[in-house]
Amino acid sequence: MYTDFKEFLEKEISDIKNAGTYKDERIIVSPQGAEIKVSTGKKVLNFCANNYLGLSNNAELIEAAKKALDSHGYGMSSVRFICGTTDLHKELEKKIAEFFGTEDTILYAACFDANGGVFEPLLSEKDAIISDSLNHASIIDGVRLCKAQRFRYENANMEDLEKQLQAAKDCRFKLIVTDGVFSMDGNVAPLDKIVALANKYNTMVMVDESHSAGVVGKTGRGVTEHYNLKGQVEIITGTLGKAFGGAIGGFTTGKKEVIEILRQRSRPYLFSNSIPPLVAAAGIKMVDMMSSTNVLQDKLHSNTEYFMEKMGKIGFDIKPTASAICAVMLYDAKLAQDFAARLLEEGIYVIGFSYPVVPKDLARIRVQLSAAHEKEHLDKAVAAFEKIGKELGVIKK
Ligand SMILES: *Cc1c(COP(=O)(O)O)cnc(C)c1O
């Protein structure tokens, strides 16, 4: 039996390779950080991690995790409702709610699970989900698992959102769902306008803050801080796997009745293991750090401004944003691949994105800034971009 299937898979694999979309993995042999060592022995500057606050290798988080290993052991061997809840899990849930100005929080093994398990327990066929067309794959999958009627609006397009709200107006409960920051353009969702429309059409709002928590807003509280809407959206999801330490874990935070129902009915919560206590302990430390000082958030913001200003001055076409994602537009797929490969030779690790990940003719290089970057790192990256930009005719000599 396997012979036929093996042939089938081999053909699929070679199709992926021929299409140029096969994903190779680069092996890192050092901790995650601004400078990483890869298995070839080469050291490169890392501009493609979601390590926005540089916490992936933070000494205080590591210390907190080590202490929890001693006090609470390694694993839980249980889902939360049987015997997988420690005081650390409860404390982290409380801290995350305080951080976002929400009422309660439920932890998941990942934000993929938080999004996968949020819609189905809350909404039925009488209800409607109105979803941004560029929302994360986990939101799309979560919506698929739910019986609610589906409406989709063009990315951040408020005219189209209003049209969809009108189309959904006879549904019982309605929920608009959007990423806080869209990962390809780095654009911040226009949450002020979304909330205004939600109020006009008696609709609830859910924001996925995975790329915006820790990043957007003066103190990194995400898009609800950026638009002065803290506590005003019903549901926020997010990850511990990006700015918040980068290990593993996700959460849903918001209205307390919503969280209470999720604890009773959300399948990834009920049927999947709880995060290890050491991750919860480091998470608690992370929230404490971000609440007692703003140095990391400030450094990320000034690094981002510095990099974007320099790149603009040299003549690159970059998308303005309040996030830490800088899309350097190159438009041509081959050019984006070649540019990224040349940057790696210069010791700068970034990724070129092209169709089908982004629309045809909108190929780009995505640069992700971090509080772990020092000015010399940024200068080195800008110099490499300038050199190769001239070499490949992207900017004027
Ligand atoms: C990364 C990401 C996720 C998935 O988070 P994990 O915790 O890694 O599963 C979900 N939503 C968005 C918008 C993301 O960017």
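Residues numbered from 1 in each chain as written. Predicted model: local features only at pLDDT ≥ 70, side-chain atom pairs only at ≥ 80, totals over all residues. Heavy atoms only, no water.

Trainee: What's the story with the packing of helix α4 (residues 87–100) against helix α12 (residues 277–292) in this structure? I'm lost.
Mentor: In a packed pair of helices, the relevant descriptors are the angle between the two axes and the axis-to-axis distance. For the pair α4 and α12, interaxial distance at closest approach is 9 Å and the crossing angle is 30°. With respect to their mutual orientation, α4 and α12 come out roughly parallel. At the point where α4 passes α12, the crossing takes the left-handed sense. Along its contact with α4, which presents Leu88, His89, Glu91, Leu92, Lys95 and Phe99, the element α12 presents Pro277, Ala280, Ala281, Gly283, Ile284, Val287, Asp288 and Met290. (Axes fitted to C-alpha atoms, helices over the stretch in contact; angles between N-to-C directions. Helix = DSSP H or I, 4+ residues; strand = E, 2+ residues; numbered from the N terminus. Parallel < 35°, antiparallel > 145°, perpendicular 65-115°, else oblique. Left-handed = near helix turned anticlockwise from the far one by under 90°. Contact = heavy atoms within 4.5 Å.)

Trainee: Would you mind going over the site of the ligand with me for this structure?
Mentor: Taken together, 13 residues are adjacent to the ligand, and Cys111, Phe112, Asp208, Thr239 and Lys242 come closest. A distance of 2.6 Å separates a nitrogen atom of the ligand from a polar side-chain atom of Asp208. Protein chains bury 83% of the 380 Å² of accessible surface belonging to the ligand in isolation. In a pocket analysis with a 2 Å cut-off to the grid points, the ligand is assigned to the second largest pocket. The residue inventory of the shell around the ligand, partitioned by class, reads three nonpolar, seven polar and three charged. (Near = heavy atom within 4 Å. Polar contact = N/O pair within 3.5 Å; in protein donor to acceptor, adjacent residues only side chain to side chain. Areas by Shrake-Rupley, 256 points an atom, 1.4 Å probe, with all protein chains shown as cover. 1 Å grid on protein atoms, 1.4 Å probe; cavity = no way out; pocket = protein on both sides within 12 Å on 5 of 7 lines; lining within 4 Å. Sits in = over half its atoms within 2 Å of the grid points. Nonpolar A, V, L, I, M, F, W, Y, C, P; charged D, E, K, R; others polar.)

Trainee: Any chance you could explain the domain arrangement of the protein chain here in plain terms?
Mentor: Accessible area lost on assembly of the parts is the figure often given for the size of an interface. Annotation of the protein chain at the domain level lists domain 1 (13–46 + 294–391) and domain 2 (59–292). One C-alpha centre belongs to domain 1, the other to domain 2, and the line joining them spans 27 Å. In this complex, domain 1 contributes 19 residues to the contact, which on the side of domain 2 involves 20 residues. Together domain 1 and domain 2 conceal approximately 1400 Å² of surface at their shared face, both sides included; 56% is due to carbon and sulfur atoms. Counting across the domain 1 and domain 2 interface gives nine residue pairs in polar contact (both at pLDDT 80 or more). Where the side of domain 1 that touches domain 2 is concerned, the elements lending two or more residues are α13 (295–314), β10 (325–331) and β13 (363–368). A class-by-class count of the residues in the side of domain 1 that touches domain 2 yields nine nonpolar, six polar and four charged. (Domains from an automatic or database assignment. Buried area = accessible area lost by both parts, 1.4 Å probe.)

Trainee: Would you take a moment to explain the pairing of strand β8 (residues 235–239) for this structure?
Mentor: If a strand is regular, its side chains alternate between the two faces of the sheet. Among the five residues that make up β8, five are buried, leaving the element largely enclosed by the rest of the structure. Here β8 shows two buried faces, one formed by Ile235, Thr237 and Thr239 and the other by Ile236 and Gly238. Bridge analysis of strand β7 (residues 204–208) against β8 gives three bridges, and the strand direction is parallel. The residue bridging Val207 from the neighbouring strand is Ile236, located in β8. Note: β8 against strand β9 (residues 250–254), five bridges, orientation antiparallel. Residue Thr237 lies in a different strand from β9, and its bridge partner there is Thr252. (Buried < 20%, exposed > 50% of the residue type's maximum accessible area, 1.4 Å probe, protein only. Pairing = 2+ DSSP bridges.)

Trainee: Can you walk me through the side chain of Ser266 in this structure?
Mentor: Mapped onto the secondary structure, Ser266 falls in the loop between α10 (256–265) and α11 (267–270). The class for Ser266 is buried, based on a relative accessible area of 0%. Within the local environment of Ser266, its side chain forms a polar contact with the backbone oxygen of Gly117, the two atoms lying 2.7 Å apart. Apart from residues no more than four positions distant in its own chain, Ser266 is found in contact with Tyr108, Gly117, Pro121 and Ile261.

Trainee: Mind showing me how you'd approach the packing of α13 against helix α15 (residues 375–391) here?
Mentor: Running from N to C, α13 and α15 cross one another at 20°; their axes reach a closest spacing of 10 Å. In terms of their interaxial angle, α13 and α15 are classed as roughly parallel. Viewed along their axes, α13 and α15 form a crossing whose handedness is right-handed. Where α13 approaches α15, its residues Asn303, Tyr306, Phe307, Lys310, Met311 and Ile314 are matched on the opposing element by Lys375, Leu378, Asp379, Ala381, Val382, Phe385 and Glu386. Along the lines of polarity and charge, the residues of the contact of α13 with α15 split into eight nonpolar, one polar and four charged.

Trainee: Hey, could you run me through the nonpolar core in this one?
Mentor: The nonpolar side chains of soluble globular proteins are, as a tendency, buried together. Membership of the largest hydrophobic core comes to 87 residues, with the highest contact counts inside it found for Phe244, Ile365, Val367 and Phe385. Sorting elements by how many residues they give to this core places α12 first, with ten residues. Mapping this core onto the domain boundaries places at least three of its residues in each of domain 1 (13–46 + 294–391) and domain 2 (59–292). Apart from residues lying up to four places away in sequence, Phe244 is in contact with Phe99, Phe100, Ala213, Gly214, Thr239, Phe251, Met286 and Met290. (Core = buried A, V, L, I, M, F, W, Y, C linked by side-chain atoms within 4.5 Å.)

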